[in-house]
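# Structural overview
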Amino acid sequence: MPDKRYLVFLAWGLFFILVFYQVFARTSIRSDMSAFLPAGVNKEQRLLLQGLHQGPASRIWLMALEGETPEVLAAVSKDFAFRLRESDQFLQVLNGEELLDQATRDQLFEWRYLLSPRVDEAYFSVQSLKKALQDRLDDLGSPLSSFEKELIPSDPTAAFIDLILALGSLDRGPEYFNGVWFSEDRKQALLLVDTRAEGMDLDAQQRAYDTILRQFNKAREGAAIRLVASGAPLFALESRSKIRQESQRLSLMATLFMLLFMGWVYRSPRRLLLTALPLAGGILAAIACVSFLFDSVHGITLAFGITLMGVAVDYPVHVLSHVHRGEGLRQAVDRIWPTLRLGVLTTLMGYAAMSMTKFTGLAQLGVFSMAGLLVAALITRTLLPAIRDTRDQPQPYLMSVIGYLDVRPPLLVRLSLLLVVIAVLAFVARQGDSWSDDIAELSPLAPELRDQDRQLRAQMQAPEPRYLLMLSAESTNELLLDLEALESTLDRAVGMGYLSGYQSAAKIIPSVTTQRQRQAMLPEAEVLSQRLDEALLELPFRHALFEPFLAAVEQAKTLDPLELKDLEQGSLGIRLAGLVRPIDDHVVGVVQLSQVEDPSQMEKMLSEADIQGLMFIDLKRATNQIVDTFRLEAIDRILWASVLIVLILMFGLRDPVRGLRVLLPIILAVGLAASVPILTGHRLNLFHLVSLLLVAGIGLDYALFFSRPDNGKERLRTLHALVVCSTSTLVVFAMLAASSIPVLQAIGMTVTSGVLSAFILSWIFARRNNQAGFL
């Protein structure tokens, strides 16, 4: 019969073959912050988050050229824009030279009488025609472009020119100089670039950015011109770069520290490898599990993986510290496994609550922690004992001095408890302003980048990204009808100074219903010809000159109404994609608002408009509400998990007094850890909750082992294991606390203070030498 050890090796070998395949062949790393955000719980929230991932705003680059005279900047802007348009990486490059591509202009010209807002029953009356013809006669004597003069025979009413001007008015736009956009002080030439790739396809966005930089250097030809860039793609790339750098730096530092520290503690390469085995296996299994369930692993989740170095390493440390001279690892595992198993189970319960949330970031962290800790514990229980380690090993260096820590001066005990109580009371006193639901506070971006983005948007007079309107309808036509009905209210708001302007899909393309109505107003050919004859009286034009006009009106009567799908491939299609979006089984229209001066009055005026499903959205408030919703959900799940943890502890310990000695220091440690960010001027967020779960899990491990009824050398072994565990955990999380990424900093700061207090309080509340402890 084969040795059971070889069956264990075979089982773990097969397991790690699958893990390695998943990690190295099927795992992709994501670093954009939007992928770490929660999923929306309603239609409004889903649309907002869909816009972060796939909306046109996620593809837009804002750029400015500066450092030279306006004339030089204008010339470079034109050359730069031309070079970018030659690349297939960009859908649209705007610098003020041309807003509409030729194919779109041809479409608008053909459908001008169905699209122009001026077409009504009086539009083709004799009086209107006569006035239009007189205006065209005046135009011939003015310095109009040859293009506009050529349009007179086919469009004497100037419907096409009016349509172009109306579309141009949607973009209030920056100042013009030498045919391109400029800032008001003419120190910056401005450009807007829309990439073909989705905003969250960061590899494609990086290639686009490389092209932008390369073509800019060619366009400036050595001139001292600087390129200032901003926009969602740049933010995503900067976030990815920063997260990658931090992840690599922290992982390297933590790994180096653990190798040096564990090598110093055990003074044995063999035992150093034994401590690394559960840790490495746990991290690899965690990565494989997250990538399998979520299709990718976020960079923050990966960086969080180094925290397992401070937790998963505890399991082999407990085993190695409890090995008696002359015995193997199996005996030590068997002796401590009941306590270790209880600690693992209670920790897993906390992360199980977190892994079931719809907040993608929290769910990834929960699954990562559960998988990593479970696999690390199983390796400790099954694989380590299968490795023969019966040879005497040198006594751990700390064991000779650890006995000095097994003393608890009464003054130190009272002082420690007093400090904890004061900190927790201070936290409770400041509860009113202790929670932050602002997603922006989680961003790793420097404030200077956000300020630069605001300045560029102001210079371009781009729509205010914070406020917008949303309308939902069952069809595109119904949506456009509602948007048309909304225009009178918005025009009134502009007139009253509540906002400076707005962009709506109905301003670009009318509803099918409206186009049909205008089509019905077009006169019959004979009627229009007679009216034209009357209008031409006393004017030097001949009737034959306007045959193209008569033919165009007759053709317009047979056209099918222009729809959104007909404009998809042109420059207006790009614009419409940001204003009309499908979501679930509805079509949602977005109205972008510019320079909202009085949000409360705007909201009040819109509530009085009789338009079903109209929503005034404050993006900052809405995204904060998303986070608040999931914070409350997380708290609810954690509370239920806490109840289950207490029940498991009481069932496992079967000793209410010991259970109280285990729970009370953890409750105080969690309270202290929650108070530290508040007392240092920070506010709590969802990731502090993650940290508190981690504090509870680590603290339970300490409290359970401290509460074991050990005597003599066995107690010193337990104390040695806990000192090594707490030291390694403190150092690793202190590294996180020094991170420049707010999420990792929040986790590091909270866990560092929590672990330290959990160790001290568990030590205070423990029994010593069979004598009663604090309880």
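All values derive from a computational prediction rather than experimental measurement.

Calculation notes
- Residues numbered from 1 in each chain as written.
- Predicted model: local features only at pLDDT ≥ 70, side-chain atom pairs only at ≥ 80, totals over all residues.
- Heavy atoms only, no water.
- Helix = DSSP H or I, 4+ residues; strand = E, 2+ residues; numbered from the N terminus.
- Polar contact = N/O pair within 3.5 Å; in protein donor to acceptor, adjacent residues only side chain to side chain.
- Buried < 20%, exposed > 50% of the residue type's maximum accessible area, 1.4 Å probe, protein only.
- Contact = heavy atoms within 4.5 Å.
- Salt bridge = Lys/Arg side-chain N within 4 Å of Asp/Glu carboxyl O.
- Phe/Tyr/Trp six-rings, centres within 6.5 Å; stacked < 30°, edge-to-face > 60°.
- Lys, Arg positive; Asp, Glu negative; His and termini not counted.
- Expected span 1.5 Å × (residues − 1).
- Arc of directions from axis to C-beta.
- Axes fitted to C-alpha atoms, helices over the stretch in contact; angles between N-to-C directions.
- Parallel < 35°, antiparallel > 145°, perpendicular 65-115°, else oblique.

### Brief notes about the side chain of Asp194
Note that Asp194 resides in strand 6 (residues 188-195). Here Arg59 takes part through its side chain, which lies 3.0 Å from a polar atom of the side chain of Asp194.

### Points about the environment of Ile152
Take Ile152: it is sitting in the loop between helix 7 (146-150) and helix 8 (159-170). What makes Ile152 buried here is its relative accessible area of 6%. Sequence-wise, Ile152 and Leu133 are 19 residues apart; in three dimensions their C-alpha atoms are separated by 8.8 Å. Filtering out sequence-adjacent residues up to four positions away, Ile152 remains in contact with Arg136, Leu140 and Phe546.

### Side note on the pattern of salt bridges
Taken as a whole and assessed by the stated rule, the structure comprises 13 salt bridges. Measuring nitrogen to oxygen at the nearest pair gives 3.7 Å for the salt bridge that ties Asp155 to Arg112. Placement of the pair is Asp155 in the loop between helix 7 and helix 8 and Arg112 in helix 5 (residues 112-115), with a sequence separation of 43 residues. Of the two residues, Asp155 and Arg112, both sit in the buried class. One salt-bridge network, in which partners are shared between bridges, spans Glu524, Glu554 and Lys557.

### A word on the packing of aromatic side chains
On inspection of all chains with the given rule, the structure shows 19 aromatic pairs. Ring geometry for Tyr467 against Phe616: centres 5.8 Å apart, planes inclined by 15°, an arrangement best described as stacked. Linking Tyr467 in strand 9 (residues 467-473) with Phe616 in strand 13 (residues 615-618), this pair joins segments that are 149 residues apart in sequence. Considering the side-chain rings of Tyr702 and Phe759, the 6.1 Å spacing of their centres and the 85° angle between planes classify their relative orientation as edge-to-face. Remark: Phe759 occurs in helix 29 (residues 742-765) and Tyr702 occurs in helix 27 (residues 686-706); sequence separation between them is 57 residues.

### A few points about the side chain of Arg518
Summarising the element assignment, Arg518 is placed in helix 20 (residues 512-521). There is no salt bridge for the buried Arg518, and the closest opposite charge comes from Glu484, which lies 6.0 Å off by N-O distance. Residues contacting Arg518, with those up to four places away along its chain left out, are Tyr113, Leu114, Leu115, Ser116, Pro117, Val119 and Pro510.

### Re helix 17 (residues 447-460)
Counted at 1.5 Å a residue, the expected span for helix 17 with its 14 residues is 20 Å, and the 20 Å between its end C-alpha atoms agrees. Every buried residue belonging to helix 17 is among Leu449, Asp453, Leu456 and Met460, and all of these are buried. Down the axis of helix 17, the sector holding all buried residues measures 65°, keeping them to one side. For helix 17, exposure combined with an orientation more than 90 degrees from the buried face picks out Glu448, Arg454, Gln455 and Ala458. Contacts made by the buried residues of helix 17 are with strand 2 (60-66), strand 6, strand 7 (226-230) and helix 10 (232-266).

### Here's the deal with the packing of helix 18 (residues 476-495) against helix 20
The N-to-C vectors of helix 18 and helix 20 enclose an angle of 75°; their axes lie 7 Å apart at closest approach. Relative to helix 20, helix 18 is oriented roughly perpendicular. Where helix 18 approaches helix 20, its residues Asn477, Leu481 and Glu484 are matched on the opposing element by Val512, Thr513 and Thr514.

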